[in-house]
Amino acid sequence: MTTVPLPDFPAGFRWGVSTSAYQIEGATGVDGRGPSIWDTFAREPGRIVDGSTGDEACDHRHRYAEDIALTAGLGVSAYRFSIAWPRVQPGGAGPANAAGLDFYDRLVDGLLAAGVDPVATLFHWDLPQPLEDAGGWLNRDTAARFAEYADLTAARLGDRVKLWITLNEPFIHMTLGYGIGTHAPGRMLLFDSFPVAHHQLLGHGLAVAALRARSTSEVAIANNYSPVRQVGDTDADRVAARAYDALHNRLFTDPLLGRGYPDAPGFDPAVVRDGDLDVIAAPIDVLGVNYYNPTGIRAPEEGSPLPFEMVPLDGYPRTAFDWPVAPDGLRELLGQLHDRYRDALPPIQVTESGCAYDDVPDADGRVHDPERIAYLDGHVRAVHEAIGAGVPVTGYFVWSLLDNWEWAEGFTKRFGLVHVDYPTQRRTPKSSYTWFRDLIRR
Ligand code: GBH
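Reading guide: rules and limits
- Residues numbered from 1 in each chain as written.
- Predicted model: local features only at pLDDT ≥ 70, side-chain atom pairs only at ≥ 80, totals over all residues.
- Heavy atoms only, no water.
- Phe/Tyr/Trp six-rings, centres within 6.5 Å; stacked < 30°, edge-to-face > 60°.
- Helix = DSSP H or I, 4+ residues; strand = E, 2+ residues; numbered from the N terminus.
- Buried < 20%, exposed > 50% of the residue type's maximum accessible area, 1.4 Å probe, protein only.
- UniProt positions renumbered as here; feature names shortened; annotations may be inferred.
- Contact = heavy atoms within 4.5 Å.
- Polar contact = N/O pair within 3.5 Å; in protein donor to acceptor, adjacent residues only side chain to side chain.
- 1 Å grid on protein atoms, 1.4 Å probe; cavity = no way out; pocket = protein on both sides within 12 Å on 5 of 7 lines; lining within 4 Å.
- Points joined across faces, edges and corners; volume = space filled by probe spheres on them.
- Nonpolar A, V, L, I, M, F, W, Y, C, P; charged D, E, K, R; others polar.
- Pairing = 2+ DSSP bridges.
- Near = heavy atom within 4 Å.
- Areas by Shrake-Rupley, 256 points an atom, 1.4 Å probe, with all protein chains shown as cover.
- Axes fitted to C-alpha atoms, helices over the stretch in contact; angles between N-to-C directions.

Let us look at the packing of aromatic side chains. Where two aromatic rings form a pair, the distance of their centres and the angle of their planes describe that pair. As enumerated under the stated definition, the model contains 35 aromatic pairs in all. A centroid spacing of 4.9 Å and a plane angle of 80° characterise the contact between Y244 and F308, whose relative ring orientation is edge-to-face. Here Y244, found in helix 10 (residues 235-250), pairs with F308, found in the loop between strand 8 (295-298) and strand 9 (309-311); they are 64 residues apart in sequence, far enough to count as distant. Judged by centre distance (6.2 Å) and plane angle (85°), the ring pair of Y292 and F415 falls under edge-to-face. Taken together, the residues span a long stretch of sequence, with Y292 in the loop between strand 7 (286-291) and strand 8 and F415 in the loop between strand 11 (393-399) and strand 12 (418-421) at a distance of 123 residues. Of the residues examined, Y292 reaches a relative accessible area of 10% and is grouped as buried. Residue F415 is classed as buried on the basis of its relative accessible area of 2%. An aromatic cluster is built from F9, F13, W15, Y396, W435 and F436, whose rings are joined through pairwise contacts.

This is the structure in structure tokens:
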């Protein structure tokens, strides 16, 4: 890690931490919550590496007051959480379940009382199971259902949530959930999953309108981006890199920012109806950017079902997930977004940035995670450089406040600034927590 002091950030820069409902809440049976696709998926043998589910997770539904205190103790100005659709509409449709919304009402009030802006994501992958039974995001009607849920939620919380995020990483949800099936709902449609892209984006656009009608707060979407590193120098490598870039970095951004769909693998114009692109391009106030690592791409082998091949990138340290630690990728990505969209680009907030390491308490119960400090230090500097080069970045959220239930990896990957001992649910701030607090305090 560099010892050069961290640079100053513009006044009003939003520092935050992020979480999501199914990964931390637990208490899946309380308040009349209905089943989600992740409850179903996690119960299927072999889906989750350690056989766990999110039934208990971090028990945040009951321990939220302690978690608010941990958040406030960091001195962050914002906390990004997600609202579980199955708590608000247990069956995925119909009137709001007041008991489900009561929890978020208390959470939001608790955050405000602690001086922390509530930033609420409406969909972080936990679709109500009854909607999946009707086709999930392959079904166009799910977009309308999502807007209805957004309306019900904003009717209750719209006066206090400071920033709405409609969808979390629709690209990852499409590819892992419907393309290759390593996430819920576990479908393997490869490029036949394009309707999932379009219906999520349509749902986003309809939800933006619903939120605007109920709330004067800012509205965003959180996309996952990964700058593409072309490996190899043939024309075929170039074509492959361009195809992957269109799929990962443009399919969910070009139409949002008014450019229509790019020529990405799987794109099917037959799914797009008249007027849809206008709905999708509804102005947003902030573009949420979730960044973890760049992707190496080269031309596929003969006979491959994919028009590209992913290759590990050499020369970077790796996290416990084996993802490369590449802060230069964040700098590159922010520059690319700026160059690509120019005047159409709203202010960016990095809504997720973080890493997994095998953090274990020492004999004194302390958790030292110097690798995470180095990771965050590098990524914070990358953001600062991008701002210096004129990219409008107005916030940075660490993934995650707490170690939590990491989807198909269950409890085996720890991303938190705070260590969680799952058997006791004891929370222990790691050294990265202190580091982040001191960074914000300066
Ligand atoms: C996010 O997804 C989620 O929003 C969040 O819920 C999750 O807990 C968090 O990140 C950590 O995973 O270099 O080929 O190995 C991140 C999606 C997909 C990003 C896989 C990194 C690495 C691919 N991730 N990707 S590779």
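When the UniProt feature table is mapped to this numbering, "binding site: substrate" (unreviewed entry) covers Q23, H124, N168, Y292, W399, E406 and W407. Turning to its location among the elements, H124 is positioned in the loop between strand 3 (117-123) and helix 6 (129-133). Its relative accessible area of 2% is what places H124 among the buried residues. If sequence neighbours within four positions are ignored, H124 has contacts with S20, Q23, R80, S82, N168, E352, W399 and W407. Within the fold, W407 resides in the loop between strand 11 and strand 12. Leave out the neighbours within four places in its chain, and W407 touches S20, Y22, Q23, W38, I48, H124, W125 and H183. A distance of 3.4 Å separates polar atoms of two side chains, one belonging to W407 and the other to Q23.

As a further point, take empty space enclosed by the protein. Within the structure shown, the criterion is met by 2 cavities of 30 Å³ or more. Approximately 50 Å³ is the volume attributed to the largest cavity. In terms of lining, the largest cavity is formed by A21, Y22, E25, G26, T28, R33, G54, A84, R87 and D126. A breakdown of the residues in the lining of the largest cavity according to their chemical character gives 3 nonpolar, 3 polar and 4 charged. Taken as a whole, the second largest cavity spans an internal volume of roughly 30 Å³. Lining of the second largest cavity is provided by T19, S20, A21, I24, E25, H60, Y79, F81, S82 and L107. Elements with a contribution of two residues or more to the lining of the second largest cavity: helix 1 (21-24) and strand 2 (78-82). Considering every element that reaches the lining of the second largest cavity, the biggest residue donor is strand 2, with 3 residues. Taken together, the residues that form the lining of the second largest cavity break down as 5 nonpolar, 4 polar and 1 charged.

We now examine the pairing of strand 4 (residues 163-168). Most of strand 4 sits out of view: 6 of its 6 residues are buried. Judged from the 4 bridges that link them, strand 4 and strand 5 (residues 218-225) form a sheet pairing that is parallel. In the strand pairing of strand 5, N168 is matched with A222.

The local shell around the ligand holds 15 residues, among which Q23, H124, E169, E352 and E406 are the closest. In the model, an oxygen atom of the ligand is placed 2.9 Å from a nitrogen or oxygen of the W407 side chain. Contact with the protein chains hides 79% of the accessible area of the ligand, taken as 590 Å² for the molecule alone. Residue classes in the shell around the ligand are distributed as 7 nonpolar, 5 polar and 3 charged.

Now for the side chain of N290. The residue N290 is located in strand 7 in this model. For N290, a relative accessible area of 0% corresponds to the buried category. A distance of 2.9 Å separates polar atoms of two side chains, one belonging to N290 and the other to E169. A polar contact of 3.1 Å, which involves the side chain of N290, links it to the side chain of E352. Apart from residues no more than four positions distant in its own chain, N290 is found in contact with R80, N168, E169, A222, N223, N224, Y225, T351 and E352.

A barrel is described by the order of its strands in space; here 8 strands give the closed sequence 1-2-3-4-5-7-10-11, paired in parallel fashion. The mean angle between the axes of side-by-side strands here comes to 25°, regardless of whether they run parallel or antiparallel. As judged from the 5 bridges shared by strand 2 and strand 3, these two strands associate in the parallel manner. By the bridge assignment for strand 3, S82 is matched with T121. Those strands touched by helix 14 (residues 431-441) are strand 1 (14-18) and strand 11, and its axis lies near 160° from that of strand 1.

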